[in-house]
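# Analysis of the macromolecular model
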Amino acid sequence: MDKGAAQAREGPANSMATALRINGLTKRYQDFALENFNLSLQEGSCVGLIGENGAGKSTLIKSILGLVRLDGGQVQLFGGGSIIEGSDLIREHVGYVPEDQILYEWMTIRQTIKFYSAFYRSWDLQRSTQLLRLFHLTENQKVAHLSKGMKVKLLLVLALSHQPSVLLLDEPTGGLDPLAKDELIDYLEQIRKDQPRLAILISSHILSDIEVLATEIAILREGRLILWDQKEVLRRSHKVIHWHSPETSMVGRLIAAPFVIGSAYENGILKLLVSVPGAEGQRTLEELAGKGAQVVDATVGEIYLGLMRHKIRP
Amino acid sequence: MKKAFRVFFKDLQEHSGPYGLLASVIVGMLTILPLYQPNYLTARIQLEFVFNLNLITLMAIPHWLLAREKEKKTILILRTLPISARQMLLGKFLAAFAMSEGIYLASLVSSFFMLKFALHMEMVATPSRVVFLNLALLAFLSVVLASFTRFTPRIAVIVPFGCLLLLVLAWISIKKHLNSRGISIEPALTSLMNSSLFPLMAVLCFILVVVTAFRLSERYIEAHHAADLVL
């Protein structure tokens, strides 16, 4: 069995309490299925969900929010020592930032907050005021006049003011200019510091965002979780080798090696992505290092692209 | 219930501006115009029109409440808040009813204004007619709402009015068929309508329509993918 697949089933080792557990989740459509999907979010963790379009990221988020009727499995939220099930109750404890910055454009920020607060029992007005101040938003501003970045900030205020235990971010930086994107990432990092027990699930195509924010990486392909582990563990267990003017006799052997999950040869440089080298792999790495090849920890983007391009069977 | 009312107030707040303006302009114009009609029949027709103005609004109100919400994707806001499909529908239904009633009451004002100032004008708004029209309005609105839940806006507008038309056509053809065979159902109908059980039966029928339409919408929303929802 592929080690990544086994790791995907078990998930990363974590000593924190579970905030959300997805157990055997199954949702079938005519041309797509999320089959027997398992994932759990620990308190204080930030899981970066990566996958191609149609891999099942949005279906997963909608399943957590109870927007789709499941064909099997369950979503459980753990709050205050009890298990919370049922879409209405789960939504009460989950903060959600949608991809399209959907808000009532005719409302002002004050009206929006007033509207949202009526639906949550645990709405903290002080928290929303504090967040508005942090994001430099004023209550009298009309939603229609806000920029995309400001709308995401407002959505974050709305998602965090009812003190959720889980925050779901669906492509939060999509469509933002680089400055707004960087600013938002800084804010998200600050929120993580302010609320250390908050579990975050962030779905994004922008791998650099995941690289910065996520503590765990979950890679989805065709409705299946093919890899799920702590970011640092993944990065340490995946290496990128840059070898200038490689020995031709070794290239074929290296590319065919079982621990090599991605390879490219451009402008005289052999680039290899290797996964969890065992004793044999370790020897090869040392040999390559001895021959002048550069061995560095892989980035999340490199691991993802390596896995996707080679379509490793889970 | 509090959550349903929040949706109700939001809808009123969102749509009362243009609707209030439209209602006051129409009612204002129609209230004054019949006074200049020397002919009793013309004034009577205008009065009837004002009184039945809500029928025109029936088509527009659910469109504003549901189709626009779907068009702007804001329906996703409601679906991701901790509110059940039932609460959401109840809020929408109450808002649609309140808006129709707003126009309806405005037309009543016009009616009473006419009765006060126009000569030889008979009472159009009899209490039984007001109750009956309100019940019919509730039932029809619930059918329109159910229709907007399931279909695209254009089809949603056609479906309830199409059903109503089919019902009327079926009724006319049955009546014609029975008449051609020498059977008259008028006496039976008259006795039924004069029966003391008739109001109760009518109320039960309307409640049945409202509840059925409501349950259909609710089940549809719960069973379908939020993004695929026509609503």
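Report follows, based on the coordinates. Computed from a predicted model, the values in this text were never measured in an experiment.

Criteria and cut-off values
- Residues numbered from 1 in each chain as written.
- Chains lettered and ligands numbered in written order.
- Predicted model: local features only at pLDDT ≥ 70, side-chain atom pairs only at ≥ 80, totals over all residues.
- Heavy atoms only, no water.
- Core = buried A, V, L, I, M, F, W, Y, C linked by side-chain atoms within 4.5 Å.
- Buried < 20%, exposed > 50% of the residue type's maximum accessible area, 1.4 Å probe, protein only.
- Contact = heavy atoms within 4.5 Å.
- Pairing = 2+ DSSP bridges.
- Helix = DSSP H or I, 4+ residues; strand = E, 2+ residues; numbered from the N terminus.
- Axes fitted to C-alpha atoms, helices over the stretch in contact; angles between N-to-C directions.
- Phe/Tyr/Trp six-rings, centres within 6.5 Å; stacked < 30°, edge-to-face > 60°.
- 1 Å grid on protein atoms, 1.4 Å probe; cavity = no way out; pocket = protein on both sides within 12 Å on 5 of 7 lines; lining within 4 Å.
- Points joined across faces, edges and corners; volume = space filled by probe spheres on them.
- Expected span 1.5 Å × (residues − 1).
- Patch = residues over 30% accessible without salt bridge, like charges linked within 9 Å, V, L, I, M, F, W, Y side chains within 5 Å.
- Areas by Shrake-Rupley, 256 points an atom, 1.4 Å probe, with all protein chains shown as cover.
- Salt bridge = Lys/Arg side-chain N within 4 Å of Asp/Glu carboxyl O.
- Buried area = accessible area lost by both parts, 1.4 Å probe.
- Polar contact = N/O pair within 3.5 Å; in protein donor to acceptor, adjacent residues only side chain to side chain.
- Disulfide = S-S within 2.5 Å.
- Parallel < 35°, antiparallel > 145°, perpendicular 65-115°, else oblique.
- Left-handed = near helix turned anticlockwise from the far one by under 90°.
- Nonpolar A, V, L, I, M, F, W, Y, C, P; charged D, E, K, R; others polar.

Our focus in this paragraph is the nonpolar core. All names here are of chain A. In this structure, Leu-39 and Leu-156 are the most contacted members of the largest nonpolar core, which totals 122 residues. Contacts of Leu-39, omitting those with residues within four sequence positions, involve Leu-20, Arg-21, Ile-22, Leu-60, Leu-201, Ala-218, Leu-225 and Trp-228. One finds Ala-257, Val-260, Leu-270 and Ala-293 within the second-largest nonpolar core, a separate group that totals 14 residues.

Residue and element names in this part refer to chain A. Taken in spatial order, the 6 strands line up as E6-E7-E8-E3-E9-E10 in an open sheet, and their pairing is mixed. Every interior strand has two partners, whereas the edge strands, strand E6 (94-97) and strand E10 (224-230), have only one. This sheet shows a mean twist of 15° between the axes of neighbouring strands, independent of strand direction. Both strand E7 (residues 166-170) and strand E8 (residues 199-203) contribute to a ladder of 5 bridges, which runs parallel.

In total, this model carries 10 aromatic pairs over all chains according to the counting rule given. A centroid spacing of 5.1 Å and a plane angle of 55° characterise the contact between B:Phe8 and B:Phe9, whose relative ring orientation is tilted. On the accessibility criterion, B:Phe9 (44% relative accessible area) is partly exposed. Through a chain of ring-to-ring contacts, three or more aromatic side chains come together here, namely A:Tyr104, A:Trp106, A:Phe115, A:Tyr116 and A:Phe119.

Quick look at empty space enclosed by the protein now. Enumeration over the complete set of coordinates arrives at 1 cavity of 30 Å³ or more. Size it by volume and the largest cavity reaches roughly 150 Å³. Together, 15 residues line the largest cavity, and A:Tyr96, A:Pro98, A:Tyr116, A:Tyr120 and B:Thr80 are the ones closest to its centre. Elements with a minimum of two residues in the lining of the largest cavity: E6 and helix H6 (148-160) of chain A together with helix H4 (75-80) of chain B.

The next point concerns H6(A). Residue and element names in this part refer to chain A. Under the 1.5 Å per step criterion, the end-to-end length of H6 is 18 Å for 13 residues, consistent within 8% with the ideal 18 Å. Of all 13 residues in H6, 11 are buried; the element is thus mostly enclosed. Of the residues making up H6, those classed as buried are Gly-149, Lys-151, Val-152, Lys-153, Leu-154, Leu-155, Leu-156, Val-157, Leu-158, Ala-159 and Leu-160. At its buried positions, H6 is contacted by E6, helix H4 (109-117), helix H5 (125-134), E7 and helix H7 (178-194).

What follows covers the pairing of strand E11 (residues 238-244) of chain A. Residue and element names in this part refer to chain A. Counting buried residues in E11 gives 5 out of 7 residues, a clear majority hidden from the surface. Here 7 bridges tie E11 to strand E13 (residues 269-275), and the two strands are oriented antiparallel to one another. Looking at the pairing, His-242 lines up with Lys-271 of E13. As paired elements, E11 and strand E14 (residues 294-297) share 4 bridges and run antiparallel to each other. By the bridge assignment for E14, Lys-239 is matched with Asp-297.

Turning to a nonpolar patch on the surface, a few remarks are in order. A cluster of nonpolar side chains, namely B:Leu165, B:Leu166, B:Val168, B:Leu169, B:Trp171 and B:Ile172, defines an oily patch on the protein surface of about 590 Å² accessible area. Residue placement: B:Leu166 occurs in helix H7 (residues 153-180).

With that settled, consider the interface of chain A and chain B. If you look at the interface, chain A gives 24 residues, while chain B gives 26 residues. Taken together, the two surfaces of chain A and chain B that pack against each other cover about 2400 Å², and 66% of this comes from carbon and sulfur. Inspection of the region where chain A meets chain B yields 1 salt bridge. In this structure, the connection of chain A to chain B is made through 5 residue pairs in polar contact (both at pLDDT 80 or more). For the side of chain A that touches chain B, the secondary-structure elements that each account for two or more residues are helix H3 (87-93) and H4 of chain A.

Right, let's get into the environment of A:Ala218. Residues and elements named next belong to chain A. Here Ala-218 lies in strand E9 (residues 216-221). Here Ala-218 falls in the buried class, since its relative accessible area comes to 0%. Separated by 153 residues in sequence, Ala-218 and Leu-65 place their C-alpha atoms 19 Å apart. Not counting residues up to four positions away in its chain, the partners in contact with Ala-218 are Leu-39, Val-47, Gly-48, Leu-49, Ile-50, Leu-225, Leu-227 and Trp-228.

A word on unusual backbone geometry. Residue and element names in this part refer to chain A. Not every positive phi belongs to a glycine, and Gln-101 is a case in point at roughly 50°. Locating Gln-101 in the fold gives a position in the loop between E6 and H4. With a phi close to 60°, His-136 is a non-glycine residue in the positive phi region. Structurally, the position occupied by His-136 is in the loop between H5 and H6.

A word on the state of the cysteines. As used in these notes, a disulfide is a covalent bond between sulfur atoms, one from each of two cysteines. All names here are of chain B. For the structure on display, the rule yields 0 disulfides over all chains. The cysteine Cys-163 is free of any disulfide, with Cys-205 supplying the nearest cysteine sulfur at 16 Å. In this structure Cys-163 comes out as partly exposed when scored by relative accessible area, which is 42%.

What follows is about the packing of helix H10 (residues 248-256) of chain A against helix H11 (residues 279-290) of chain A. Residues and elements named next belong to chain A. Running from N to C, H10 and H11 point in directions that differ by 150°, and their axes come no closer than 13 Å. As judged from the angle between their axes, H10 and H11 are roughly antiparallel. H10 and H11 meet at a crossing whose hand is left-handed. Facing H10, whose interface residues are Met-250, Arg-253 and Leu-254, H11 presents Thr-284, Glu-287 and Leu-288. Taken together, the residues of the contact of H10 with H11 break down into 3 nonpolar, 1 polar and 2 charged.

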